Amino acid sequence: MNTNKNIYFLQLLLFILLMISCSEPAQVNQRQNLYWPGDFENAIYGGNFSRAVNVTVDNSNNYTKGGNKAWHLIQDKYQHLEILTTELGEWKISFMAKSENDLKVIIKPVFRDEQNKQATHEHEIDILGDNKWHPYELSFKVENPYPGPMTGELLVACYNDSQGEAWIDNLALEPMTGQLEASFKTPQPALLTDLLQNNSFEEGTAHWESTDEHVAFKPSSIREITLNGKKSPAVVLAVQPQKGATKSIGQKIDASSLAGKSIRVSAEVSFLTLNGKGFSWHGFLLDVHEGDHKDGKIIPCDPSPNWLPMGLAAPVGESKRSYGVYQIPAGTKFLYIELKTLPKMADNLVAINNVSIEVL
């Protein structure tokens, strides 16, 4: 009898667990919002930001919980935000908007026409003018993108010719089909080398030197920072020497074992600040020079350049990997690896660690 009761209760328990599991929403095909600064609480740089025309972000209104800013569509003013798409296929853009009068926001995917010239498709989104926040979204297709071959531009544009103010907040851009570009497009696995010494800066400034003749590589440039929830040492670079940061550093390596081979050089990159004083396409750059000095010829790479500008940066406190694949000329004896900042990065700080060289 007890055996029958036990079987009954076991069956009941299994039935309850089955019902709970069926009631859980399936977490399938979760997509990444490529434009993470879309809450407008910080600079508009980051994610897949390209450039902006007249974009005004202020605290005159806000939708984001815990925030105080939004994109302000001021009367009698044209504005557009430009974001990059990374693949072909279906995409979705979504945002919250509030307007005092009826208004149109135009979504413009940029493409190459039959004459290989730049053109746009235009999709109108009607914004309700009841002075309340409402959600809006639009699905669109990316085909033959400009500049290509995979990367495309998307304009979010508005000329506020109404008699009232309007705001956009919580803007997101998501790919709906295809695959996001992998961190490394080149073959795996690769052979990690130990040619680069102190590649994670655990030995401070050892084996590296400043490539800026006016500023020495000071120990204050090495700091313990928190990236993706973990503390690790990194070198902090800045255009203008500030708070002990260095503009650029380099290291000579014996590359005789790499001659005639294909290699991948990469680095973990995190911006410690992202403000609007800089230019979005300036940031961190990694160059590989022939010979034993920074003045040696720069070896081209794929993709080119090996960089991470502020427009493509991860959120502050997170990192992305910058990488490039290089074909090393036969007969090479030395290479010079240079890590540097681009001149219009303004007063922003960028941290670098885990610089790696792999043979493919």
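Described in the following lines is the structure provided in the data block.

With that settled, the discussion passes to the pattern of salt bridges. If you walk through the whole model with that rule in mind, you get 13 salt bridges. When the shortest N-O distance is used, the salt bridge between E90 and K141 registers 3.8 Å. One end of the pair, E90, is in strand β5 (residues 89–99); the other, K141, is in strand β9 (residues 134–142), with 51 residues separating them in the sequence. Given the relative accessible area of 29%, E90 is considered partly exposed. R264 serves as the salt-bridge partner of E358, at 2.9 Å between the closest nitrogen and oxygen. Separated by 94 residues along the polypeptide, E358 in strand β23 (residues 350–359) and R264 in strand β17 (residues 262–271) bring together distant segments of the chain. A single burial state applies to E358 and to R264, both of which are buried.

Okay, the packing of aromatic side chains next. By convention here, two paired aromatic rings are described through the distance between centres and the angle between planes. Following the criterion strictly, the structure yields six aromatic pairs and no others. Ring centres of W281 and W307 lie 5.7 Å apart, and the angle between their planes is 20°; on these two criteria the pair is classed as stacked. Here the residue W281 occupies a position in the loop between β17 and β18 (283–290), and W307 occupies one in strand β20 (residues 307–309), the gap between them amounting to 26 residues. For the cation-ring pair, K252 lies above F334, with the distance from its terminal atom to the ring centre recorded as 5.1 Å. Over the aromatic face of F279 sits the side chain of K344, whose NZ or CZ is 5.8 Å from the ring centroid.

Next up on the list: the pairing of strand β6 (residues 103–112). Among the 10 residues of β6, eight are classified as buried, and the element is accordingly described as predominantly covered. The pairing of β6 with strand β8 (residues 123–127) spans five bridges and is classified as antiparallel. Within the sheet, the bridge partner assigned to L103 lies in β8 and is I127. Pairing between β6 and strand β10 (residues 152–159): five bridges, direction antiparallel. Residue K108 lies in a different strand from β10, and its bridge partner there is L155. Relative to strand β7 (residues 118–120), β6 is paired through three bridges, and the arrangement is antiparallel. Residue pairing across strands places R112 opposite Q118, the latter belonging to β7. The hairpin formed by β6 and β7 contains five residues between the paired strands, and N116 there has a positive phi angle of roughly 65°.

Spatially, the five strands line up as an open sheet ordered β2-β3-β11-β5-β9, and their pairing is antiparallel. This sheet does not close on itself; its edge strands, each paired only once, are β2 (57–58) and β9. Pairing of β2 with strand β3 (residues 70–73), which is carried by two bridges, proceeds in the antiparallel orientation. Bridge pairing links D58 to A70 in β3.

About the criteria used
- Residues numbered from 1 in each chain as written.
- Predicted model: local features only at pLDDT ≥ 70, side-chain atom pairs only at ≥ 80, totals over all residues.
- Heavy atoms only, no water.
- Salt bridge = Lys/Arg side-chain N within 4 Å of Asp/Glu carboxyl O.
- Helix = DSSP H or I, 4+ residues; strand = E, 2+ residues; numbered from the N terminus.
- Buried < 20%, exposed > 50% of the residue type's maximum accessible area, 1.4 Å probe, protein only.
- Phe/Tyr/Trp six-rings, centres within 6.5 Å; stacked < 30°, edge-to-face > 60°.
- Lys NZ or Arg CZ within 6 Å of the ring centre and 35° of its normal.
- Pairing = 2+ DSSP bridges.

Shape is all these values report; function is a separate question.
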